[in-house]
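Letter by letter, the chains look like this.
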Amino acid sequence: MTSPAQIAPRRLAVDLTASALLLGVAVVGFWPTFAGPSYLPAAIGAVVIGLGIAAVSAWRRWGILIIAGLTLAAYFVFGGALALPYTTIAGFIPTIDTLQRLAVGTVTSWKQLLTTVAPVAASDGHLIVPFLLLLVTSVLTGSLALRLRHGGWALIPAGVAVMFGIALGVPSPAAPIAQGAVFALVSVGWLSLRQIWAPQNAAVSVSEIDPARASHMRWRRIGAGAAVLVVATGAGVATSAIAQPYEPRHVFRDTIIPPFDIREYPSPLQSYRKVVRDDSEHTLFTVQGLPEGSRVRLAAMDDFNGQVYNVSDAGNGSSGAFTPLRGNMSVDAEGDRVTVKVEIGEYDDVWIPITGQVNEFSYTGDRAEELRRSTYFNESSATAISTIPLAKGDTYTLETTIPVERDDADLAKAEFGSVTMPKQSNVPEELASLAAEQTEDAETPIEKVAALETFLAEGGFFSHGLQNEVISRAGHTSERITTLIGGDQMIGDDEQYAVAMTLLARELDIPARVVMGFYPDEEDAAETTFAASGEDVHAWVEVNFAGHGWVAFDPTPPEDKVPNDQNTKPRADPKPQVLQPPPPPQEPVDLPPTLPDDREAEEDDFNLAGLIGTILTIGGISLGVIALLASPFIVIGAWKAARRRSRRAAERTSDRISGGWDELTDRAVDYGARLTAGSTRAEEAGQVVEKIPVPAVTVLAQRADAEVFGPSDPTPEQVDAFWKEVDEIVVGLSKDAGFFTRLKARLSLRSLLKDSSVTARFTGLKDAATARVRREPGTIDKNSSPTSESESA
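Quick caveat: nothing in here was measured; it's all calculated off a predicted structure.

Student: Explain the sheet that holds strand β1 (residues 285-288) residue by residue, including any values.
Tutor: Taken in spatial order, the 5 strands make up an open sheet running β8-β11-β6-β1-β15, and their pairing is antiparallel. The open sheet has two edge strands, β8 (357-364) and β15 (529-532), and neither has a second partner. Pairwise comparison of adjacent strand axes, ignoring direction, gives a mean angle of 20° for this sheet. One ladder, built from 4 bridges, connects β1 with strand β6 (residues 336-344); its direction is antiparallel. The partner of Val 287 across the bridge, within β6, is Val 342.

Okay, here's the thing in structure tokens:
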């Protein structure tokens, strides 16, 4: 072991430089995780600080405890400025919050990084992971490189840093070929230089005879080695590009699933009519800074099962792919960046009102931290949900991107987007032909969607079905949509029309989904403050177009378009009624003669009584069979419980101690231990330990002997303590055994019959059989004479 004071300056510089380069490979590995250089100050700062600690410690010859203390101090002193600057004073002075987050982050930051969808944001505290990892590995790498004679040991912590950088990252690597080449070149070159400069490698120093020749030979060897490394690296890079096809690497992030299941929450569309009816005069929430023409979203639903349109977790544009909040969401969103503030009023659901493509989401108020941890966001549907319902007084701020307005001229040339949608089930059969009929004249994708929108908006009437309104049933089941489409009039509200248009579109393989949310009336659209109530709730349809994303459509007729006469069918192109042929005549069915009323009543009473009797009979038989089958188990359990109670309640306290030991050995026998009759407690403890490795049994046997054969009877407190230890050992036996082993032990009769005459007789028979086998002809007794019977005669 050496120190910097004992080695040449060039050796010191080379060791520290090589360590920094090796750790730099690990630094580069975090680039895809953060999608940029935001993490570099923390990572590079950790490497510099760690190598500095290693150099100073090696120079001062400090031990491992001092090095560990310096590393811990550096983590808390510099961690605020490099990993959590937004929690410090003036960007570098740590606060109580900084120290608390650093302390907790040593345990929780790893999980938070892996359960957050990449790219992660530096502002969410994720810089703790690269800072802590590189600080520790740089201290280890530098210390091993400077202190040990064989520097190859320093490659282990450096390699661990690279490995963790990959495992904690994303499937798409940063620059794997360059990283591997640099790590290999630096490792081999550095170790080669250390080998050359080691004075013990030559028996006679050439420099003492011819210094010029020694220098020439040294540089010649270095040049040759470098040439070999360059050629090998180039050949490896060239062949790796064609030798094996690219396969995505597997990282920890692929196997860690956030503890959130969207299927646990009902579809918000089911409560649409309830919001309209009960909250029309209540301010549910207030939005400040809402741009004109923008809509507030609750949920986007893309899965229909015949009963409800719900959020799914299938498809590459899944509306159920929710992830925890992070700092840089929706990085690819295009549009105008605005700041929106929301304050919750009477709204108390889990679906969070948001607008646009949210980039930053921050809560304020008393429940800010609790809500932040329970909120999940879906970029593909631009919706958010909280596992705990929002409550009055909750506030939050959105940094969001408002998409550009719909441009019909651009959409005229656009194709449908390549979005995989979940398969629908129990869709009304007539929708396929109706969708094809309504779009038969459409030539472009936008014309098909517009045709469906026009068919519903112009051919239907509006009604919530509330008091003093035309009857319109709530719901959007297959039966309700069939009634809407196939009735004399189409009457409904946003819930039915949005679902109907989405189902029609999906029958044509158009990527469409239903969205529920709020937006103000046209006369209030210019207001920057939007107070949402039940009158502002809506449902609309979104269709995905290539290059434009999800575009909104409104198939619901205007609210003032109500039917005047329910017997008039307002279709622009009514279909003629086709006269159906009459059904074929049916032959009369011979019915059995009817009985008088009094006999019918008697028959009904008799049948009811007979049915009840049959049920009671079958139930009684079933209970009897169950009781018969379970009776052996009940008897065994009751027998063991009664014996335990008698032992525990023995008259003398010493007998209670003996009974406790017998209870322990009985349980051990049930679990497979074999005890020899007449053995002492110490011998029984040894036999139990041979089968079941529980060392406490031996100590308990000694204690039982001491308390039973002591000068005085044990006290009740000693008895209670002894039985407590017995119970703990018995419970430990059941915990270490499998289910079937525990069941077998509970039903075992070995402990119940071990001292009975039946067992003694069976043991005697077995011993006699064993002795008889030993006396069979052909066997040789070691005490008998080797001569035969004839020779004896």
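Student: Report on a nonpolar patch on the surface, specifying residues and quantitative values.
Tutor: Nonpolar side chains collect at one region of the surface, where Trp 153, Ile 156, Val 160 and Met 163 lie side by side and expose about 400 Å² of accessible area between them. Relative to the elements of secondary structure, Met 163 occurs in helix α7 (residues 155-167). Overall, the relative accessible area of 47% leaves Met 163 in the partly exposed class.

Student: Give me a negative patch on the surface: which residues, what numbers.
Tutor: Residues Glu 281, Glu 469, Asp 521, Glu 522, Glu 523, Asp 524, Glu 527, Glu 535, Glu 559 and Asp 560 make up a contiguous surface patch of negative charge. Structurally, the position occupied by Glu 527 is in the loop between β14 (512-518) and β15. The partly exposed category is assigned to Glu 527, whose relative accessible area is 49%.

Student: How would you summarise the packing of aromatic side chains if you had to cite specific residues and measurements?
Tutor: Considering all chains together, one arrives at 15 aromatic pairs under this definition. With 6.4 Å between their ring centres and 80° between their planes, Trp 31 and Tyr 39 make a pair best called edge-to-face. Residue classification places Trp 31 among the partly exposed residues on the basis of a relative accessible area of 40%. For Tyr 39, a relative accessible area of 0% corresponds to the buried category. Residues Phe 361 and Tyr 396 carry aromatic rings whose centres are separated by 5.1 Å and whose planes lie at 20° to one another, so their mutual orientation is stacked. Taken together, the positions of Phe 361 in strand β8 and Tyr 396 in strand β11 (residues 395-402) put the pair 35 residues apart, joining distant regions of the chain. For Phe 361, a relative accessible area of 8% puts it in the buried group. Taking relative accessible area as the criterion, Tyr 396 reaches 1% and is therefore assigned buried. Members of the aromatic cluster, joined through ring pairs, are Phe 30, Trp 31, Phe 34 and Tyr 39. Between the NZ or CZ atom of Arg 513 and the centre of the ring of Trp 550, over which it lies, the distance is 3.7 Å.

Student: Which residues make up the pairing of strand β16 (residues 537-545), and what are the values?
Tutor: Burial analysis of β16 places 9 of its 9 residues in the buried class, the great majority of the element. Burial along β16 is two-sided: the face carrying Val 537, Ala 539, Val 541, Val 543 and Phe 545 and the face carrying His 538, Trp 540, Glu 542 and Asn 544 are both buried. Pairing analysis gives 7 bridges linking β14 to β16, with the strands arranged antiparallel. Bridge pairing links Val 515 to Trp 540 in β16.

Each value, and the rule that gives it
- Residues numbered from 1 in each chain as written.
- Predicted model: local features only at pLDDT ≥ 70, side-chain atom pairs only at ≥ 80, totals over all residues.
- Heavy atoms only, no water.
- Pairing = 2+ DSSP bridges.
- Helix = DSSP H or I, 4+ residues; strand = E, 2+ residues; numbered from the N terminus.
- Axes fitted to C-alpha atoms, helices over the stretch in contact; angles between N-to-C directions.
- Patch = residues over 30% accessible without salt bridge, like charges linked within 9 Å, V, L, I, M, F, W, Y side chains within 5 Å.
- Areas by Shrake-Rupley, 256 points an atom, 1.4 Å probe, with all protein chains shown as cover.
- Salt bridge = Lys/Arg side-chain N within 4 Å of Asp/Glu carboxyl O.
- Buried < 20%, exposed > 50% of the residue type's maximum accessible area, 1.4 Å probe, protein only.
- Lys, Arg positive; Asp, Glu negative; His and termini not counted.
- Charge placed at Lys NZ, Arg CZ, Asp CG, Glu CD.
- Phe/Tyr/Trp six-rings, centres within 6.5 Å; stacked < 30°, edge-to-face > 60°.
- Lys NZ or Arg CZ within 6 Å of the ring centre and 35° of its normal.

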